[in-house]
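Residue-level listing of the chains:
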Number of protein chains: 2
Amino acid sequence: MDSTKEFREFILTGDQTFIPHVSVDCVIFGFHEDQLKVLLLKWKTSGQWCLPGGFIKKSEAIDDSAIRTLKERTGLSSIFLKQFHVFGDPDREKKKDDFLSVHGTKKDSWLMQRFITIGYYALVEFSKVNPHPDFLSEECKWWDIHKLPKLIYDHNQIMKAALESLQLSLNEYPVGYNLLPEKFTMPELQTLYETILGVAIDRRNFQKKMLSLGFLERLKERKTGGAHKAPFLYRFDKKKYEKAMKQGLKFGF
Amino acid sequence: MDSTKEFREFILTGDQTFIPHVSVDCVIFGFHEDQLKVLLLKWKTSGQWCLPGGFIKKSEAIDDSAIRTLKERTGLSSIFLKQFHVFGDPDREKKKDDFLSVHGTKKDSWLMQRFITIGYYALVEFSKVNPHPDFLSEECKWWDIHKLPKLIYDHNQIMKAALESLQLSLNEYPVGYNLLPEKFTMPELQTLYETILGVAIDRRNFQKKMLSLGFLERLKERKTGGAHKAPFLYRFDKKKYEKAMKQGLKFGF
């Protein structure tokens, strides 16, 4: 089926497959070295940029909808998506008529109704994944989070809320596994936190807090090859890390 | 209008007012001295207990739906409700047929469709509010969170998730304003945290952490009247407290 035909069928008969009024949108953050990016799709017909989003099948769990949507729209799989917020202002889909009419949607389509969207986010090592656009999209691209284009509807706001959730989640859960090499230095871990938080952190405070959380193991080896005094290498104590992921950091008590 | 008639009308014509497939449920935690309770409603006809929940009007923001629902169903107003999670398993409304048929709902009613529910929570000083049941409910009552009855659908699970969110939120935001007297002692603040977390906390660690957060002001007066050495009194620095409520604690950096 060519993509225009497939999209037309989706507009006409999607309500046989999906529940109306509810959608999912995925904010995929990509970390690599000291950069934080976000994955966006460009619509074929209108040329507008958006978050990878989709709909919920009639008897599908919402978390499964998010995983399926991300896979169908960007090719990314095996990614842990965290639900973070629901966006439900009645006017969130501004200029929806304009947007959907470009795509051939009629006024009485199920797509023209009000949608409440459930936001999910994930943080991945962006050099390790290979995103590609789906049949609706011209392009699937990583964008610097500080230089985003104007996105459709409230997607800039959703992306901003996802970033704030990710930043606050550093108080609740450990971060770094799958983003850093197996053995890493304290400055490498600090760069990860600084990149997510967008601020410089005092080196001594950072080290003290990190060690107090209890899931870091200092190795006997040091990193070699640098010009300065070789820094210690660390790795995550996987059991303690997973326990903290499950239970949360619980204020350290 | 008598309550049976009002309810029948809601079953028959509710879909003219509300969007289908999405509901809101409110978990209201009540703190008083060293007790943590939750506010539940008892259905008139079936006698089952549930969280105060409701639906979203066609052009109403979801946060406003939660506030309106709480007010209509329990009389509580001016309460800050925090959205914490969406519950969207396809089988979350177990025995919905049984439950709704007791209330006279027909198979083809909009209420029989699958609903995804948005969970909100709040923490209030329960001696300062005066809840009362709506026309659908026989009773509106505070229950000890450790001695809950069996609730309808997945409401026990929603309440558990709300408690976990509240516990993790202690890492992210300050707590205590409106729950403690204007001037309070460190042990009183500690009791609040211990009651929410359900664990005992080391006294010295607690004091050190709390003071490091920067929104507590130690007063010159001490609490009098106790048998032991009079403890210092504290109050919240309202500006710093509000800033932390807005920005989050951001890992203390």
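Everything in this summary refers to the structure shown in the same document. (Residues numbered from 1 in each chain as written. Chains lettered and ligands numbered in written order. Predicted model: local features only at pLDDT ≥ 70, side-chain atom pairs only at ≥ 80, totals over all residues. Heavy atoms only, no water.)

## A few points about the overall build of chain A
Here is step 1 of the chain: Secondary structure summary: chain A contains seven helices and nine strands in total.
Here is step 2 of the chain: By the burial criterion, 51% of the 253 residues in chain A qualify as buried.
Here is step 3 of the chain: Contacts in chain A between residues at least 24 apart in sequence constitute 72% of all its contacts with a sequence separation of at least 6.
Here is step 4 of the chain: In the form shown here, chain A has an accessible surface area of approximately 13000 Å², with 49% of it arising from carbon and sulfur atoms. (Helix = DSSP H or I, 4+ residues; strand = E, 2+ residues; numbered from the N terminus. Buried < 20%, exposed > 50% of the residue type's maximum accessible area, 1.4 Å probe, protein only. Contact = heavy atoms within 4.5 Å. Areas by Shrake-Rupley, 256 points an atom, 1.4 Å probe, with all protein chains shown as cover.)

## With respect to the interface of chain A and chain B
Here is step 1 of the chain: At the interface, 41 residues of chain A touch 40 residues of chain B.
Here is step 2 of the chain: Where chain A abuts chain B, roughly 3300 Å² becomes buried across the two surfaces, and 68% of that area is made up of carbon and sulfur atoms.
Here is step 3 of the chain: Between the two partners, chain A and chain B, sit 13 residue pairs in polar contact (both at pLDDT 80 or more).
Here is step 4 of the chain: Breaking the side of chain A that touches chain B down by element, the ones donating at least two residues are β1 (18–32), β4 (53–57), β5 (82–87), β6 (116–125), α4 (155–172) and α6 (203–212) of chain A.
Here is step 5 of the chain: In terms of residues, the side of chain A that touches chain B owes the most to one element, α4 of chain A, which gives six residues.
Here is step 6 of the chain: When the residues that make up the side of chain A that touches chain B are grouped by side-chain class, the tally is 22 nonpolar, 11 polar and eight charged. (Buried area = accessible area lost by both parts, 1.4 Å probe. Polar contact = N/O pair within 3.5 Å; in protein donor to acceptor, adjacent residues only side chain to side chain. Nonpolar A, V, L, I, M, F, W, Y, C, P; charged D, E, K, R; others polar.)

## Some remarks on a negative patch on the surface
Here is step 1 of the chain: A cluster of acidic residues, D63 and D64 of chain A together with D89 and D91 of chain B, forms a negative patch on the protein surface.
Here is step 2 of the chain: Relative to the assigned elements, D63 of chain A resides in helix α2 (residues 62–74). (Patch = residues over 30% accessible without salt bridge, like charges linked within 9 Å, V, L, I, M, F, W, Y side chains within 5 Å. Salt bridge = Lys/Arg side-chain N within 4 Å of Asp/Glu carboxyl O. Lys, Arg positive; Asp, Glu negative; His and termini not counted. Charge placed at Lys NZ, Arg CZ, Asp CG, Glu CD.)

## Some words on the nonpolar core
Here is step 1 of the chain: Counting residues in each nonpolar core, the largest one holds 77 residues, and the members touching the most others are I28 and I118 of chain A together with I28 and I118 of chain B.
Here is step 2 of the chain: Excluding its chain neighbours within four sequence positions, the residues that come into contact with I28 of chain B are K37, V38, L39, L70, L76, L81, A122, V124 and W142 of chain B. (Core = buried A, V, L, I, M, F, W, Y, C linked by side-chain atoms within 4.5 Å.)

## Comments concerning the relation of the copies chain A and chain B
Here is step 1 of the chain: In the superposition of chain A on chain B (RMSD 0.0 Å, axial shift 0.0 Å), the rotation amounts to 180°. Between the two chains, the operation in question is that of a two-fold axis. Identified as the residue of chain A closest to the rotation axis by C-alpha distance is N171 of chain A, at 2.9 Å.
Here is step 2 of the chain: A share of 98% of the interface residues of chain A reappears at the interface of chain B, consistent with the copies meeting face to face through the same patch. (Least-squares fit on C-alpha atoms with pLDDT ≥ 70 in both.)

## Looking at α2 of chain A
Think of an α-helix as 3.6 residues a turn; residues three or four steps apart then line up on the same face.
Residue and element names in this part refer to chain A.
Here is step 1 of the chain: With 13 residues, α2 should reach 18 Å at 1.5 Å per residue; the first-to-last C-alpha distance of 18 Å fits that figure.
Here is step 2 of the chain: Every buried residue of α2 is accounted for by I62, S65, A66, R68, T69, L70, R73 and T74.
Here is step 3 of the chain: Immediately downstream of α2, the backbone of G75 shows phi near 85°, a positive value. (Expected span 1.5 Å × (residues − 1).)

## Examining the sheet that holds strand β9 (residues 216–222) of chain B
All names here are of chain B.
Here is step 1 of the chain: Taken together, three strands build an open sheet; the order of strands is β8-β10-β9 and the sheet is antiparallel. Each having just a single partner strand, β8 (184–185) and β9 make up the two edges of the open sheet.
Here is step 2 of the chain: Two strands pair when backbone bridges link them, and β9 and strand β10 (residues 232–236) are joined in this way by four bridges, in the antiparallel orientation. Residue pairing for β10: L216 is matched across the bridge by F236. (Pairing = 2+ DSSP bridges.)

## Points about the pattern of salt bridges
Here is step 1 of the chain: Enumeration according to the criterion identifies 28 salt bridges over all chains in this entry.
Here is step 2 of the chain: Where K238 of chain A meets E242 of chain A, a salt bridge forms, and the shortest distance between an N and an O atom there is 3.6 Å. With a gap of four residues between them, K238 of chain A and E242 of chain A both fall in helix α7 (residues 238–247), about one helical turn apart.
Here is step 3 of the chain: Between K183 of chain B and E221 of chain B there is a salt bridge, and its shortest N-O distance comes to 2.8 Å. Residue K183 of chain B is found in the loop between α4 (155–172) and β8, and its partner E221 of chain B is found in strand β9; the two are separated by 38 residues along the sequence.
Here is step 4 of the chain: We classify K183 of chain B as partly exposed; its relative accessible area is 33%.
Here is step 5 of the chain: Through salt bridges with shared partners, one network takes in R92, E93, K96 and D154 of chain A.

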